[in-house]
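Here is what each chain is made of, one letter per residue.
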Amino acid sequence: MESKTFNIVADTITEECGVPREKITPDSHVIDDLGLDSIAFLDTCYALDVKLNIKIPFEQWVSDINAGKSDLKELFKMRNLVAEIDKCVLNERTTRSV
Amino acid sequence: MNAQRARSEYGAVLQETIISGVPHRDVWVTGVCLVSSGADGAEEHWRRLQGRFGPLVVEHGDTGLLVHPLLPLDFSSEISNPMDRKRMGQLQALGVYTAGRALTSAGLKGRSDFLSRTAVVVGCAGGERDIALDETIFSEASRFSDAALLNQRLSARMRPSTFLSQLPNLLAGNISIQFGVTGGSRTTMGEELAGVNAFKIGYQLTADGTYDLALVGGAFNAERMDLLLLYGFGQYLWQHAYQPVLNRSTRGGGYILGSLAAFLVLEEAEHAISRGVAPWCRVCGLSAHHSRRAEGDIARTLEKAWNELEQLGTAGPAGIISGATGASPSTEEEMDALVALSSLLGQARVWESGSIFGHGMEASFLFNLGLAAVALRHGRIYPSNPEAHAPLDAEMVSRLLVTSVGHLGGEAIALLSTLNS
């Protein structure tokens with residue numbers, strides 16, 4: 001059973017990038033398997049920001065990858081990406097409630 | 001085909017002149033693609049203009065403003081990746097599509113050995129805006145206490161690829177990415193003058209030996225709400241029932257925007273011969289000048305421009321393809337100037353494309369050059385425009401003059417000829 005966030009992210013990739021929805025699984029890598037390039041990924045993040053009312057820390061992710069703190073192969077796998085986005089949603093809710 | 005046979009077959013006499021001490025090589029047009037409200041492809045324009053076909057004019061949305069809309073096109077033949085098509089927006093996708101087909105017509109598609117040393121010169125405005133975002137920001141604008149908030153809203157809410165598509169030089173970038181054209185690129189902005197300067201730069205780069213090949217073109221999307229508002233509020237648009245451009249002065253003049261794209265491949269003659277490519281026509285010369293638009297300036301500018309072309313040893317044209325916009329008084333002044341120049345130009349008759357295809361700003365001059373190249377390829381000018389003031393016979397022609405007299409500026413003329421002219 002895929003999570004609600006997974007479905008939102010997958011639907012957004014389909015809408016923004018024209019990737020067939022059935023091709024997107026938790027194990028898909030957004031670059032290697034789904035074919036997104038940097039601009040397509042930025043557009044997807046933008047659309048998710050609007051849909052989920054969050055701010056995806058894209059620049060921080062890139063910085064962490066460049067600094068060797070994150071692994072590009074792992075971070076951009078759908079299940080890990082969705083987990084990171086879930087953290088953003090949680091942070092946003094926490095910030096608002098405070 | 002070897003060089004000698006090519007010379008014989010095309011009846012070409014290679015021209016090389018010296019201008020201001022700089023060698024000026026013979027430049028041919030070896031590929032063309034045109035796209036408009038009327039047709040898709042240069043030859044398709046020629047074919048359709050042989051018959052009596054009326055201009056496609058529609059009211060845009062609920063604005064009541066007339067436009068010549070782009071005919072329905074599938075860009076996927078030139079831009080296979082749907083992500084690429086989406087991020088380009090309509091304007092850049094139209095330009096890339098047209099550029100790709102121009103490369104095909106010149107036999108250059110997929111030829112990395114040539115494309116790696118082909119210049120790209122584009123006359124283009126910024127791409128489409130996010131109208132919904134603009135409307136949201138406008139609706140909030142009265143609450144802004146700080147002008148900086150406007151930029152914050154734009155940067156936070158604008159889709160990244162929309163931001164990128166608004167950069168005119170990304171059209172050249174996308175052409176380079178899609179087709180591997182990796183010579184230098186230049187982009188010119190500024191309405192009609194942008195198209196003039198794009199052609200001028202491409203012609204100079206080829207003539208002076210910087211490049212043997214230059215892909216030169218532009219695109220214009222007439223159906224953009226922001227541009228319709230811009231030119232509508234400026235009182236530049238024709239706001240009555242459709243009339244040909246030469247019939248609009250009695251009601252104050254005005255132009256109807258038309259979606260257009262045009263790309264031409266300019267090639268040094270010896271290079272074209274060595275490739276064995278069949279040229280469409282020769283570029284005899286181009287002259288462009290700024291005009292302050294004081295009374296009589298358009299006539300003086302066109303006369304000065306023609307005198308410069310004549311000094312290159314060019315003979316008068318058999319026909320004139322005018323870029324008259326319909327704006328007043330520039331359209332009347334251009335027509336009067338061409339009549340006044342008849343002692344220099346001969347009795348060349350005028351055929352204005354704007355009545356059929358509308359005015360496409362940056363793309364107009366390039367589009368008309370493309371129309372001239374197709375006509376010269378067939379050795380004939382276009383048959384009578386049923387809506388125009390002066391019928392033209394389908395006579396044989398070997399030289400065509402193309403004019404640009406923009407709605408506010410952008411005066412230029414270019415002379416194209418058949419190779420044996």
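Residues numbered from 1 in each chain as written. Chains lettered and ligands numbered in written order. Predicted model: local features only at pLDDT ≥ 70, side-chain atom pairs only at ≥ 80, totals over all residues. Heavy atoms only, no water.

Colleague: Looking at this structure, how should I read the interface of chain B and chain A?
Modeller: Interface size is commonly expressed as the accessible area that is lost once the parts come together. With 10 residues of chain B at the interface, the matching set in chain A holds 12 residues. In total, about 980 Å² of surface goes out of reach between chain B and chain A, with carbon and sulfur atoms giving 53% of it. Interface area lost by chain B to chain A is led by B:Met83, B:Arg87 and B:Arg159, which between them contribute 50%. Here chain B and chain A share 3 salt bridges between them. (Contact = heavy atoms within 4.5 Å. Buried area = accessible area lost by both parts, 1.4 Å probe. Salt bridge = Lys/Arg side-chain N within 4 Å of Asp/Glu carboxyl O.)

Colleague: Please explain the sheet that holds strand E4 (residues 58-59) of chain B as it appears in this structure.
Modeller: The pairing of strands in a sheet happens through backbone hydrogen bonds and is either parallel or antiparallel. All names here are of chain B. Reading across from one edge, E4-E5-E9 is the order of the 3 strands in this open sheet, with mixed pairing throughout. With partners counted over all chains shown, the strands left at the sheet margins are E4 and strand E9 (257-258), one partner each. As judged from the 2 bridges shared by E4 and strand E5 (residues 66-68), these two strands associate in the antiparallel manner. Within E5, the position partnered with Val58 by the bridge is Val67. (Pairing = 2+ DSSP bridges. Helix = DSSP H or I, 4+ residues; strand = E, 2+ residues; numbered from the N terminus.)

Colleague: Sorry if this is basic, but what is going on with the confidence of the model for chain A here?
Modeller: Predicted coordinates in regions of low pLDDT should not be interpreted in detail. When pLDDT is averaged across chain A, the result is 91; 98% of the residues are at 70 or more. No element of chain A has a lower mean pLDDT than helix H4 (residues 72-75) of chain A, which averages 88, and none a higher one than helix H1 (residues 4-17) of chain A, which averages 94. (pLDDT = per-residue confidence, 0-100.)

Colleague: Looking at this structure, I do not really get the environment of A:Glu84. What am I missing?
Modeller: Residues and elements named next belong to chain A. Summarising the element assignment, Glu84 is placed in helix H5 (residues 78-97). For Glu84, a relative accessible area of 23% translates into the label partly exposed. A C-alpha to C-alpha distance of 14 Å links Glu84 and Ile8, two positions 76 residues apart in sequence. Every residue in contact with Glu84, bar those within four places of it in the chain, is listed here: Trp61 and Leu75. (Buried < 20%, exposed > 50% of the residue type's maximum accessible area, 1.4 Å probe, protein only.)

Colleague: Hey, could you run me through the pattern of salt bridges in this one?
Modeller: Where charged atoms of side chains with opposite charge meet at close range, the side chains can pair. With the rule as written, the count across this model stands at 24 salt bridges over all chains. The residue A:Lys51 makes a salt bridge to A:Glu15 at a minimum N-O spacing of 3.0 Å. One end of the pair, A:Lys51, is in helix H2 (residues 38-52); the other, A:Glu15, is in helix H1, and 36 residues separate them in sequence. By relative accessible area, which is 46% here, A:Glu15 ends up partly exposed. Here the salt bridges share partners, and the residues they tie into one network are A:Glu16, B:Lys86 and B:Arg159.

Colleague: When you look at the side chain of B:Ser259 in this model, what are you seeing that I'm missing?
Modeller: Residues and elements named next belong to chain B. Mapped onto the secondary structure, Ser259 falls in the loop between E9 and strand E10 (260-268). Assessed through its relative accessible area of 1%, Ser259 is described here as buried. Here Ala222 takes part through its backbone nitrogen, which lies 3.0 Å from a polar atom of the side chain of Ser259. What Ser259 contacts, discounting residues up to four positions off in sequence, is Val35, Ser36, Ser37, His68, Pro69, Leu70, Phe220, Asn221, Ala222 and Glu223. (Polar contact = N/O pair within 3.5 Å; in protein donor to acceptor, adjacent residues only side chain to side chain.)

Colleague: Could you clarify how one ought to interpret the side chain of B:His407 in this entry?
Modeller: Mapped onto the elements of the fold, B:His407 is located in the loop between strand E14 (399-404) and strand E15 (411-417). If we skip the residues at most four places from it in the chain, B:His407 touches B:Glu191, B:Glu192, B:Tyr231, B:Tyr236, B:Tyr255, B:Arg293, B:Thr325, B:Ala327, B:Ser330 and B:Met361.

Colleague: Can you walk me through the packing of H1(A) against H5(A) in this structure?
Modeller: Describing two packed helices takes the angle between their axes plus the distance from one axis to the other. All names here are of chain A. One way to put it is that H1 packs onto H5 with a least axis distance of 9 Å and a crossing angle of 110°. Accordingly, the angle class assigned to the pair H1 and H5 is roughly perpendicular. Between H1 and H5 lies a crossing whose hand is right-handed. Facing Thr5, Phe6, Val9, Ala10 and Ile13 of H1, the residues of H5 in contact are Met78, Val82, Ile85 and Asp86. Taken together, the residues of the contact of H1 with H5 break down into 7 nonpolar, 1 polar and 1 charged. (Axes fitted to C-alpha atoms, helices over the stretch in contact; angles between N-to-C directions. Parallel < 35°, antiparallel > 145°, perpendicular 65-115°, else oblique. Left-handed = near helix turned anticlockwise from the far one by under 90°. Nonpolar A, V, L, I, M, F, W, Y, C, P; charged D, E, K, R; others polar.)

Colleague: Just checking my understanding: could you explain the sheet that holds strand E8 (residues 213-220) of chain B for this structure?
Modeller: All names here are of chain B. Within the open sheet, the 10 strands sit side by side as E7-E6-E8-E10-E3-E11-E15-E14-E12-E13. Their pairing is mixed. Each edge of the open sheet is held by one strand with a lone partner, namely strand E7 (185-188) and strand E13 (349-352). Taken pair by pair, the neighbouring strands of this sheet meet at an average axis angle of 25°, ignoring direction. Where strand E12 (residues 319-322) lies against E13, 4 bridges are found, and the strand directions are parallel. Bridging across to E13, Ser322 finds its partner in Glu352. Against the sheet, helix H3 (residues 82-105) engages strand E3 (27-35), E8 and E10, with an angle of about 135° to E3.

Colleague: Please explain the packing of aromatic side chains as it appears in this structure.
Modeller: Following the criterion strictly, the structure yields 11 aromatic pairs over all chains and no others. Seen from their ring centres, B:Tyr231 and B:Tyr255 are 5.9 Å apart, and the 70° between their planes marks the pair as edge-to-face. Of this pair, B:Tyr231 sits in helix H10 (residues 225-233) while B:Tyr255 sits in the loop between H10 and E9, and the two are 24 residues apart along the sequence. The pair formed by B:Tyr231 and B:Tyr255 is uniform in burial state, with each residue classed as buried. Counting every residue linked through ring pairs, the aromatic cluster contains A:Phe41, A:Phe58 and A:Phe76. Its guanidinium or amino end placed over the ring of B:Phe114, B:Arg275 lies 5.4 Å from that ring's centre, counting from NZ or CZ. (Phe/Tyr/Trp six-rings, centres within 6.5 Å; stacked < 30°, edge-to-face > 60°. Lys NZ or Arg CZ within 6 Å of the ring centre and 35° of its normal.)

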